[in-house]
Amino acid sequence: MRVAHNVYAVLDMFHPVCGVNAGFIVTEKHTVYVDSGLTIPSAQTILGYSMAVAPNNKPKYLIFTDHHIDHVAGMKIFKAAGAKTIGHTNLDLHLREYLIQNWREFIKQRIKDDTERELLFGDVELSPLDQTIDKDTIIKVDNEEIHILYTPGHWKACLSVYLPSSKVLFAGDTIFSGFEPTTRFGDKDLWQQWINSLEKLKKLNIKTIIPGHGRPCDIKEIPRHIAHLKQIIAKA
């Protein structure tokens, strides 16, 4: 889906519960990706769409918005294509200290059938990040300014990617479009950080939001999320 003149979303890819979204940004000579999907075929789909749109562009970066496997599991496809991975410092720690070493056991606990597990995830390969950030960061790729924003709440390593030129926000799991945000990975302190993150995003000039899950939306989702999180905190 073409979201803006140089911004594309790849929507509703495989996920056992709800579709997962990712996307890419096309600059003058490069392509920057946001999240990699849950499986290798999902990652190949994202990369294939980008090559169809801009066949002469070189993959530059793959930015992760979260630590969950539906955002990171396809990373090897982009690394093989030459993209450098970027994510929060806590994501890199999670990869190095747990997920890389325990990936097979992690998946085995969730998918008991050996054939199904191998079919879906047998070719996944995880690796440490090439670059980490722990605060709001601006990178410039050719003619495009890309704002990588620290937006903790769903988890402590969440990032959002904002493009001032097109007013597009890749929100990852900071925003769940059309249904309630998933709060089971946090506590009252983290949920309050989530509200703070949403208040920060609310100040941006946003035309379109690409959430981690659900359909593209606008800023009307932000106050709905804030109200829901306040209710959760009040009941906790």
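Residues numbered from 1 in each chain as written. Predicted model: local features only at pLDDT ≥ 70, side-chain atom pairs only at ≥ 80, totals over all residues. Heavy atoms only, no water.

Enquirer: Help me understand the nonpolar core in this model?
Expert: Side chains of nonpolar character tend, in soluble globular proteins, to be buried together. Core analysis: the largest hydrophobic core is formed by 38 residues, its most contacted members being I46, I69, F78, W103 and F121. For this core, the elements supplying multiple residues, two or more each, are β2 (7-13), β3 (20-26), α1 (40-53), α2 (69-72), α3 (75-80), α4 (89-110) and α5 (114-121). The element that contributes the greatest number of residues to this core is α4, accounting for six residues. Counting residues in hydrophobic clusters, the runner-up holds 22 residues, among them A4, I146, I148 and L163. (Core = buried A, V, L, I, M, F, W, Y, C linked by side-chain atoms within 4.5 Å. Buried < 20%, exposed > 50% of the residue type's maximum accessible area, 1.4 Å probe, protein only. Helix = DSSP H or I, 4+ residues; strand = E, 2+ residues; numbered from the N terminus.)

Enquirer: Got a minute to help me understand the side chain of S160 in this structure?
Expert: Locating S160 in the fold gives a position in strand β10 (residues 159-163). A relative accessible area of 0% means that S160 is categorised as buried. Each residue touching S160, except ones within four places of it in the same chain, is listed here: H147, I148, L149, T151, L169, F170, A171, T174 and L201. (Contact = heavy atoms within 4.5 Å.)

Enquirer: What am I meant to see in the pattern of salt bridges here?
Expert: In a structure, side chains of opposite charge can pair up when their charged atoms sit close to one another. Summed over all chains, the structure comprises eight salt bridges. With its nearest N and O atoms 3.1 Å apart, the salt bridge here joins D130 to K79. Of this pair, D130 sits in the loop between α5 and β7 (131-133) while K79 sits in helix α3, and the two are 51 residues apart along the sequence. Exposure remark for D130: the relative accessible area of 40% places this residue in the partly exposed category. Given the relative accessible area of 28%, K79 is considered partly exposed. A salt bridge links E221 to R224; its shortest N-O distance comes to 2.7 Å. (Salt bridge = Lys/Arg side-chain N within 4 Å of Asp/Glu carboxyl O.)

Enquirer: Which parts of the structure should I look at to understand the packing of aromatic side chains?
Expert: Aromatic ring pairs are defined here through the distance separating the ring centres and the angle between the ring planes. Overall, the coordinates contain seven aromatic pairs when judged by the stated rule. With a centroid separation of 4.8 Å and 50° between ring planes, the pair formed by Y33 and F78 is classed as tilted. A residue pair is termed long-range when its members are at least 10 positions apart, and Y33 in strand β4 (residues 30-34) and F78 in helix α3 qualify at 45 residues. No difference in accessibility class separates Y33 from F78, as the two residues are buried. Considering the side-chain rings of W103 and F106, the 6.2 Å spacing of their centres and the 25° angle between planes classify their relative orientation as stacked. With W103 and F106 both in helix α4 and three residues apart, the pair spans about one turn of that helix. One exposure class covers both W103 and F106, and it is buried. Through a chain of ring-to-ring contacts, three or more aromatic side chains come together here, namely Y8, F24, Y33 and F78. Taking the ring centre of F106 as reference, the NZ or CZ of R110 above it sits at 3.7 Å. (Phe/Tyr/Trp six-rings, centres within 6.5 Å; stacked < 30°, edge-to-face > 60°. Lys NZ or Arg CZ within 6 Å of the ring centre and 35° of its normal.)

Enquirer: Explain the sheet that holds strand β8 (residues 137-141) here, please?
Expert: The strands that make up a sheet pair up through hydrogen bonds in the backbone, lying either parallel or antiparallel. One open sheet accounts for five strands, arranged β8-β9-β10-β11-β12; its pairing is mixed. Since the sheet does not close on itself, it has two edges, and those belong to β8 and β12 (208-213), each with one partner. Averaged over all neighbouring strand pairs, the angle between strand axes comes to 25°, with direction disregarded. Helix-sheet contacts for helix α7 (residues 221-235) involve β11 (168-176) and β12, and the interaxial angle to β11 is about 25°. (Pairing = 2+ DSSP bridges. Axes fitted to C-alpha atoms, helices over the stretch in contact; angles between N-to-C directions.)

Enquirer: Whenever I open this one, the sheet that holds β3 confuses me. Can you help?
Expert: Judged by pairing direction, the sheet is mixed, and its seven strands sit side by side in the order β1-β2-β3-β4-β5-β6-β7 without closing on themselves. Either end of the sheet is taken by a strand with one partner, and the two such strands are β1 (2-4) and β7. Adjacent strand axes in the sheet meet at a mean angle of 25° when their direction is disregarded. Running at roughly 105° to strand β6 (residues 84-88), α4 makes contact with β6 and β7 of the sheet.

Enquirer: Please clarify how the side chain of D173 should be interpreted in this entry.
Expert: With respect to the helices and strands, the residue D173 is situated in strand β11. Buried D173, no salt bridge; nearest opposite-charge side chain is R184, N-O distance 8.5 Å. In terms of polar contacts, D173 uses its side chain to reach the side chain of H154, at 3.3 Å. Those residues in contact with D173, other than ones at most four positions away along the chain, are D66, H68, H71, H154, W194, G212 and H213. (Lys, Arg positive; Asp, Glu negative; His and termini not counted. Polar contact = N/O pair within 3.5 Å; in protein donor to acceptor, adjacent residues only side chain to side chain.)

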